[in-house]
Amino acid sequence: MKEKDNRPVYLNLLAIDLPIIGISSILHRVSGFALFLIFIIAVWMLDRSLSSEEEFLNLLEDLNSLVLLKVIFYLFLVGIVYHSLIGVKKIISDFFGIGEDLRSGSFISWIYNVISLLVSILLFIKFFI
Amino acid sequence: MNSTIPTEELRSITLSVYRFDPGKDKKAYMQDIEIEVPVNKDLMVLDALVLAKKQETSLSFRRSCGEGVCGSDGMNINGKNGLACVTPLSEAIKGEKLVVKPMPGLPVVRDLIVDMKQFFDQLEKVKPYLITKDEAPEQERKQSPEEREKLDGLYECILCGCCSTACPSFWWNPDKFLGPAALLQSWRFIADSRDQATEERLDDLDDAFSLYRCHGIMNCVSVCPKGLNPTEAISNIRKKLINRKK
Ligand code: SF4
Ligand code: SF4
Ligand code: FES
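None of these values were measured; they are calculated from a predicted model.

Draft legend 1. Focus on the packing of aromatic side chains. Inspection of every chain in the model, using the stated rule, returns nine aromatic pairs over all chains. Ring centres 5.8 Å apart and planes at 70° place the aromatic pair Trp171(B) and Trp172(B) in the edge-to-face group. In this structure Trp171(B) comes out as buried when scored by relative accessible area, which is 11%. Pairwise contacts between aromatic rings join Phe73(A), Tyr74(A), Phe124(A), Phe127(A) and Phe128(A) into one cluster. Between Arg188(B) and the ring centre of Phe189(B), over which it is positioned, the NZ or CZ distance is 4.1 Å.

What follows is the structure, encoded as structure tokens:
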């Protein structure tokens, strides 16, 4: 038997073209995973905010003063926006077959990405400026 | 009479090719080869490789028909999978450099030649041939023009492998996810009015990996040199699978 396992496999993700739909799909996964992680913190925040009025006000205070908490909260919202928009696109194309050719699919992906970006910028302005 | 033969104007470009010789090299590396190409005539990437091979005779790649029919020269050209013989240099080249690598995700046998076994193993699983249960008729199995039309965009596949090796789902699970090329062929026979094994074919696809690993990324569609749409075929099968459960 010839040795087979020392054969190289070419796979350089950064050098291989990935059209917009692929990029969206990967970001969709990344945002999904990030949401899952941040969700734990969000549940903690919810728990705190519901425990008493005082805690609720404390949390608000923290949100305004602790930058890190603010950043996390911001990422949470951006993640939700992105994940749900691209998610809706996937559902639409799965169920209704819209955006199944390359041109319309890319077009829709662009639109959703631009919308997400705009919303993220708006949120950023609202949060930090 | 003045009969000077016009000399071709040439310019030089750099071809950067992926090299690996299993007898010599422990690791693959990129080699730059300078070649001269005509200024006012477009070549195909395959022509450029042939020119490079004149200098570097050990450079290996597969090719046969030279016109996009046999499907043997699929490779990764400046980041995008395609057939070297039908990809014009002018389209592929960025600046003065052309980067040519083997199709991603498959073991490299030598230079640009990959081992397509995984690809064909997956094709075999979808039984890419007509399955019939009735007795064969005297003459042929008839099909109306409308029924025949359903196979357009499916039968043209030349099994070059460009699509499956551009598919992230296939990179991660080349043994479990069938990949766009095999799924396109699966649909080609499910959609064929003469085929009588639709249910069995669907049964075979009804698991978490074979088909459902497709995330509709459409890398396959964007690279297919024949302009086919495996994503659409996959979603047609998916619809059949879902409707069958109702
Ligand atoms: S579908 Fe297109 S890219 Fe895929 S194997 Fe067939 S011809 Fe090649
Ligand atoms: S659409 Fe499906 S089969 Fe085509 S590249 Fe994407 S994941 Fe692969
Ligand atoms: S050499 Fe036959 S397809 Fe390119």
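Draft legend 2. Region of interest: the sheet that holds strand E1 (residues 10–19) of chain B. Residue and element names in this part refer to chain B. A sheet is described by the order of its strands in space; here five strands give the open sequence E2-E1-E5-E3-E4, paired in mixed fashion. On the outer flanks of this sheet lie strand E2 (29–38) and strand E4 (80–83), each paired with one strand and no other. Neighbour-to-neighbour, the strand axes of this sheet turn through a mean angle of 35°, independent of strand direction. Looking at chain direction, E1 and E2 are connected through 10 bridges and run antiparallel. Considered in E2, the bridge of leucine 10 is made with proline 38. The strands touched by helix H1 (residues 45–55) are E1, E2, strand E3 (74–77) and strand E5 (97–101); relative to E2, the strand with the most contacts, the crossing angle is about 105°.

Draft legend 3. Summary view of the side chain of Arg7(A). As for its position among the elements, Arg7(A) is in the segment before helix H1 (20–51). A polar contact is formed between the side chain of Arg7(A) and the side chain of Asp115(B), at a distance of 3.0 Å. Setting aside residues no more than four positions away along its own chain, Arg7(A) makes contact with Pro107(B), Val108(B), Val109(B) and Asp115(B).

Draft legend 4. Representation of the site of ligand 1 within the structure. Residues in close proximity to ligand 1 include Cys157(B), Ile158(B), Leu159(B), Cys160(B), Gly161(B), Cys162(B), Cys163(B), Ala181(B), Leu184(B), Cys224(B), Pro225(B) and Lys226(B), which together make up its full environment. Grouping the amino acids of the shell around ligand 1 by side-chain chemistry returns 10 nonpolar, one polar and one charged.

Draft legend 5. Spotlight on unusual backbone geometry. Residue and element names in this part refer to chain B. In this structure, asparagine 78 takes a positive phi of about 45° despite not being glycine. Counting through the fold element by element, asparagine 78 comes out in the loop between E3 and E4. The class of asparagine 78 is buried, set by a relative accessible area of 11%. The backbone of aspartate 111 shows a phi angle near 45°, a positive value even though the residue is not glycine. Within the element layout of this structure, aspartate 111 appears in the loop between strand E6 (108–110) and strand E7 (113–114).

Draft legend 6. Structural view of the pattern of salt bridges. Residue and element names in this part refer to chain B. What the rule picks out here adds up to 19 salt bridges over all chains. Glutamate 199 serves as the salt-bridge partner of arginine 244, at 2.9 Å between the closest nitrogen and oxygen. Within this pair, whereas arginine 244 is found in helix H9 (residues 230–245), its partner glutamate 199 is found in helix H7 (residues 198–205), the two being separated by 45 residues in sequence. Exposure remark for arginine 244: the relative accessible area of 28% places this residue in the partly exposed category.

Reading the values: rules and limits
- Residues numbered from 1 in each chain as written.
- Chains lettered and ligands numbered in written order.
- Predicted model: local features only at pLDDT ≥ 70, side-chain atom pairs only at ≥ 80, totals over all residues.
- Heavy atoms only, no water.
- Phe/Tyr/Trp six-rings, centres within 6.5 Å; stacked < 30°, edge-to-face > 60°.
- Buried < 20%, exposed > 50% of the residue type's maximum accessible area, 1.4 Å probe, protein only.
- Lys NZ or Arg CZ within 6 Å of the ring centre and 35° of its normal.
- Pairing = 2+ DSSP bridges.
- Helix = DSSP H or I, 4+ residues; strand = E, 2+ residues; numbered from the N terminus.
- Axes fitted to C-alpha atoms, helices over the stretch in contact; angles between N-to-C directions.
- Contact = heavy atoms within 4.5 Å.
- Polar contact = N/O pair within 3.5 Å; in protein donor to acceptor, adjacent residues only side chain to side chain.
- Near = heavy atom within 4 Å.
- Nonpolar A, V, L, I, M, F, W, Y, C, P; charged D, E, K, R; others polar.
- Salt bridge = Lys/Arg side-chain N within 4 Å of Asp/Glu carboxyl O.

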